[in-house]
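# Structural overview
Each chain, written out:
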Amino acid sequence: MTHTRTPLMAGNWKLNLNHQEAVVLVQKLAWTLSDKRHDYAKAEVAVLPPFTDIRSVQTLVDGDRLSIKYGAQDVSPHESGAYTGEVSAAMLAKLGCSYVVVGHSERRQYHAETDALVAEKATAALKHGLTPIICVGEGLEVRQAGGHVDHCTVQVTGSLAGLTAEQVAGSVLAYEPVWAIGTGEVATPEDAQEVCAELRACVRSTHGDDVGDTVRILYGGSVKATNVAALMAQPDVDGALVGGASLQVDEFAAICRFYAMPVL
Ligand SMILES: O=C(CO)COP(=O)(O)O
């Protein structure tokens, strides 16, 4: 069966840009993409700013009727209550968010997030109509020992625990090898394909072939305009989760327009 997975290019801004800078970047991004006649059917475009920027981004996107989508970098597993500092999925949904990242390696590392917590966050997001971008990825030692596939399939199985087939089909997975994040050390297209294919096979076996064929799987880790086309040429890579390069408008716009580039 040929799949109809729309590519997704998502910019994870991490802890960068205040709400005023966010508006400037999104405005410039929209102009650049419209100038180049970007086809949003060929690549969906999303930005994932810090929480404090989201209301401003919503106002801009709604006011100018932009086709750019937006979301958050984390969400509480709780609905409401005494959870100081947390932001709920309902609050993000109210702000018009489409996406929310869960289980990014930086949260797994610095906030000790487990697969079980990631699954709870994904469930909370889906309950409120948000699409979770569920991240997995191995560190350098695991990669060097050849344990990357097992590591990532264990993570993905745990992070999808309790989700229905329909919920998994409506989620996005992201393979982000930790050794490739912010290091300039991009995985080769073959490395990315190997793990993305294994993640898809894992979903097919746990939630059915249709779900495996439908779920989108992104690659993340030092994605740039110069390497995106080769990554996107891989059959199981459905998009990119972009960190550093998403803060540069021209670079991110070029990444979004990967389909207009030759595969080097
Ligand atoms: O962590 C990432 C996206 O979530 C990747 O970051 P870089 O693109 O800066 O390597």
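Note that the coordinates shown come from a computational prediction; the quantities given were computed from them, not determined experimentally. (Residues numbered from 1 in each chain as written. Predicted model: local features only at pLDDT ≥ 70, side-chain atom pairs only at ≥ 80, totals over all residues. Heavy atoms only, no water.)

Inspection of every chain in the model, using the stated rule, returns 16 salt bridges. As a salt-bridge pair, E106 and K14 come within 2.8 Å of each other at their nearest N and O atoms. Taken together, the residues E106 in helix α4 (residues 105–110) and K14 in the loop between β1 (8–12) and α1 (19–35) connect sequence positions 92 residues apart. The exposure class of K14 is partly exposed, given its relative accessible area of 23%. K121 is the salt-bridge partner of D74, the closest N and O atoms lying 2.8 Å from each other. Of this pair, D74 sits in the loop between β3 (69–72) and α3 (89–94) while K121 sits in helix α5 (residues 115–127), and the two are 47 residues apart along the sequence. (Salt bridge = Lys/Arg side-chain N within 4 Å of Asp/Glu carboxyl O. Helix = DSSP H or I, 4+ residues; strand = E, 2+ residues; numbered from the N terminus. Buried < 20%, exposed > 50% of the residue type's maximum accessible area, 1.4 Å probe, protein only.)

With that settled, the discussion passes to the site of the ligand. The immediate surroundings of the ligand are formed by 13 residues, with K14, H104, G182, S222 and G244 found nearest. Between G182 and the ligand, the recorded distance is 2.6 Å, taken from a backbone N or O atom to an oxygen atom. S222 places a polar main-chain atom, nitrogen or oxygen, 2.8 Å from an oxygen atom of the ligand. Contact with the protein chains removes 95% of the 300 Å² of surface that the ligand exposes when unbound. For the shell around the ligand, the class distribution of residues is four nonpolar, seven polar and two charged. (Near = heavy atom within 4 Å. Polar contact = N/O pair within 3.5 Å; in protein donor to acceptor, adjacent residues only side chain to side chain. Areas by Shrake-Rupley, 256 points an atom, 1.4 Å probe, with all protein chains shown as cover. Nonpolar A, V, L, I, M, F, W, Y, C, P; charged D, E, K, R; others polar.)

As a further point, take the UniProt feature "binding site: substrate" (unreviewed entry) in the protein. Here the UniProt feature "binding site: substrate" (unreviewed entry) sits at N12, W13, K14, G182, S222, G243 and G244. The greatest C-alpha distance among the residues just named is 13.8 Å, despite their covering 233 residues of sequence, which places them together in space. Considering the arrangement of structural elements, one finds N12 in strand β1. In this structure N12 comes out as buried when scored by relative accessible area, which is 5%. In this structure N12 touches L48, Q73, H104, L241, V242, G243 and S246, once residues within four positions along its chain are discounted. Within the structure, the side chain of N12 is placed 3.0 Å from the backbone nitrogen of K14, a separation counted as a polar contact. Its place among the elements puts W13 in the loop between β1 and α1. With near-sequence residues (within four places) excluded, W13 lies in contact with A22, L25, V26, V47, L48, P49, P50, D53, Q73, S246 and L247. (UniProt positions renumbered as here; feature names shortened; annotations may be inferred. Contact = heavy atoms within 4.5 Å.)

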